[in-house]
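# Descriptive structure summary
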Amino acid sequence: MEIIRSKDNKIVKELKKLKQKKYRDLTNKFLAEGIKFLDYIEYIPELIIAREDMIDNSIFLKKIKNFNTKILYLDEKIFNELSAQENSQGVIIQYQKKERNLDSISNDIIVLDDISDPGNLGTIIRVCDATNFKDIILTKGSVDAYNDKVIRASMGSILNVNLIYLDRNFIINLLVEEKYNTFITYLDKTAVSYNKIKLQNKNAIVMGNEGRGVGKDFLEILHTKTIIPILGNAESLNVAIASSLMLYKFRELQNIF
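First things first, this report covers the structure right here in the doc. Everything numeric in this text was worked out from a predicted model, so none of it was measured.

### Looking at the sheet that holds strand 1 (residues 29-33)
- Overall, mixed pairing links the four strands, which are arranged 1-4-2-3 in an open sheet. Pairing within the sheet leaves two strands with one partner each, and these edge strands are strand 1 and strand 3 (71-74). Pairwise comparison of adjacent strand axes, ignoring direction, gives a mean angle of 20 degrees for this sheet.
- Pairing analysis gives four bridges linking strand 2 (residues 47-51) to strand 3, with the strands arranged parallel. Its bridge partner lying in strand 3, Ile49 is registered against Leu72.

### Quick word on a nonpolar patch on the surface
- Together, Ile230, Leu237, Ile241 and Leu245 line one region of the surface with nonpolar side chains, adding up to about 300 Å² of accessible area.
- For Leu237, a relative accessible area of 34% gives the class partly exposed.

### Quick word on empty space enclosed by the protein
- Summed over the entire model, instances satisfying the criterion amount to one cavity of 30 Å³ or more.
- Looking at the largest cavity, its volume works out to about 180 Å³.
- Leu31, Ala32, Glu33, Ala84 and Asp148 are, among the 16 residues lining the largest cavity, the residues nearest its centre.
- Elements that contribute at least two residues to the lining of the largest cavity include exactly strand 1 and helix 6 (148-154).
- The element that contributes the greatest number of residues to the lining of the largest cavity is strand 1, accounting for four residues.
- Its residues assigned to classes, the lining of the largest cavity shows nine nonpolar, two polar and five charged.

### Points about the pairing of strand 8 (residues 181-185)
- For strand 8, the tally of buried residues reaches four of five residues, placing the bulk of the element in the interior.
- With three bridges connecting them, strand 8 and strand 11 (residues 224-227) associate as parallel partners. Of the residues in strand 11, the one forming a bridge with Thr185 is Thr226.

### A few points about the packing of helix 5 (residues 118-130) against helix 9 (residues 239-253)
- For the pair helix 5 and helix 9, the least separation of the axes is 9 Å and the interaxial angle reads 10 degrees. The angle between the axes of helix 5 and helix 9 places the two elements in the roughly parallel class. Residues Asn120, Thr123, Ile124, Val127, Cys128 and Ala130 of helix 5 lie in contact with helix 9, whose contacting residues are Val239, Ala240, Ser243, Ser244, Leu247 and Tyr248.
- Tallied by class, the residues present in the contact of helix 5 with helix 9 amount to eight nonpolar, four polar and no charged.

### Comments concerning the layout of surface pockets
- Of the pockets and cavities examined, the largest pocket occupies roughly 690 Å³.
- Together, 23 residues line the largest pocket, and Thr185, Tyr186, Leu187, Ser236 and Leu237 are the ones closest to its centre.
- Those elements that place two or more of their residues in the lining of the largest pocket are strand 11 and helix 9.
- As a volume, the second largest pocket reaches approximately 280 Å³.
- If you go around the second largest pocket, you meet 14 residues; those closest to its centre are Asp25, Lys97, Asp144, Tyr146 and Tyr165.
- Mapped by element, the contributors of at least two residues to the lining of the second largest pocket are helix 2 (21-27) and strand 7 (162-166).
- In terms of residues, the lining of the second largest pocket owes the most to one element, strand 7, which gives three residues.
- Of the residues contributing to the lining of the second largest pocket, the split by class is four nonpolar, two polar and eight charged.

Cut-offs and rules
Residue indices begin from 1 for each chain and proceed along its sequence in written order. pLDDT decides what is reported in this predicted model: residues at 70 or higher carry local features, side-chain atom pairs at 80 or more are listed and counted, and totals for whole chains, interfaces and linings draw on all residues regardless. Water and hydrogen atoms were dropped before computing side-chain values, which therefore reflect all heavy atoms in the structure. At least two bridges found by DSSP between two strands are what make those strands a pair. Labels follow the DSSP assignment, with helices taken as runs of H or I lasting at least four residues and strands as runs of E lasting at least two, numbered in each case from the N terminus. All axes are obtained by fitting lines to C-alpha atoms, using only the stretch in contact for helices, and the reported angles, taken between N-to-C directions, cover 0 to 180 degrees. Only residues above 30% relative accessible area that lack a salt bridge enter a patch, with like-charged residues linked at up to 9 Å and the nonpolar side chains Val, Leu, Ile, Met, Phe, Trp and Tyr linked at up to 5 Å. The Shrake-Rupley method, run with a 1.4 Å probe, gives the accessible areas here. Residue values count only the displayed protein chains as cover. Should a side-chain nitrogen of Lys or Arg be within 4 Å of a carboxyl oxygen of Asp or Glu, the pair is scored as a salt bridge. For every residue, the accessible area obtained with a 1.4 Å probe (protein chains only) is divided by the maximum for its type, and the residue is called buried under 20%, exposed over 50%, and partly exposed between those limits. Of the two site types, the cavity is a set of points on a 1 Å grid over the protein atoms alone where a 1.4 Å probe fits but cannot get out, and the pocket is an open set with protein on both sides within 12 Å along at least five of seven lines, each lined by residues with an atom within 4 Å of a point. Grid points are joined across faces, edges and corners, and a volume is the space filled by probe spheres set on the points. Only Asp, Glu, Lys and Arg are considered charged, only Ala, Val, Leu, Ile, Met, Phe, Trp, Tyr, Cys and Pro nonpolar, and every remaining residue, Gly among them, polar. For classification purposes, angles smaller than 35 degrees are called roughly parallel, those larger than 145 roughly antiparallel, those between 65 and 115 roughly perpendicular, and all remaining angles oblique. Residue contacts follow a heavy-atom distance rule, with two residues in contact if any of their heavy atoms lie within 4.5 Å.

Dropping the structure here:
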């Protein structure tokens, strides 16, 4: 079985390029690291990259039987140059990004306005998956969802949601034209507690940038300003935590559980 040991190998060079956003955008491909991704048998990898010691790893060998996908073995040094993790499990997977179709977005969506922290976005993706919010619309100024830190924080949920990047004005027009009932978390004397919001047939939660909050143009189309009560002395909540609370509150108000 061949093990690639040269950093000048053509395939290795192409894989390294996928660590950069511009090449992910150009090729519509991305890398996901971790053996757990091999559990998602409904998502067929384009390529499975493994560290040379995985050749005799029984767990790895059992998992790859689910796929008719090429396995590329790299020696430890070359693999580590490709890996984004200090203590890698020895498996990296190349996927094709999903096709995004605005015609099929659901009645409950979350809009992320210039979210900049990869860990926050990854956590929000994971909670959206947990609460079955399938559609996440992001302004084009937001962090790239296929950044390795986002993928790691999503714990595999990156494969289960629809991520759509759009211009801010397009998103605003979409919310208005499609008659979404728009909620924005906003500290204001007119804001209502998240326990008292009224949901309709189509609902959108808009969450803002970690430092600046939601842009004024979104405030102009909102239907409800809402707040998550803080009982102690904390000044505010992290956007990932606030998003999690809002998503679960929506499902509670819809009597989903």
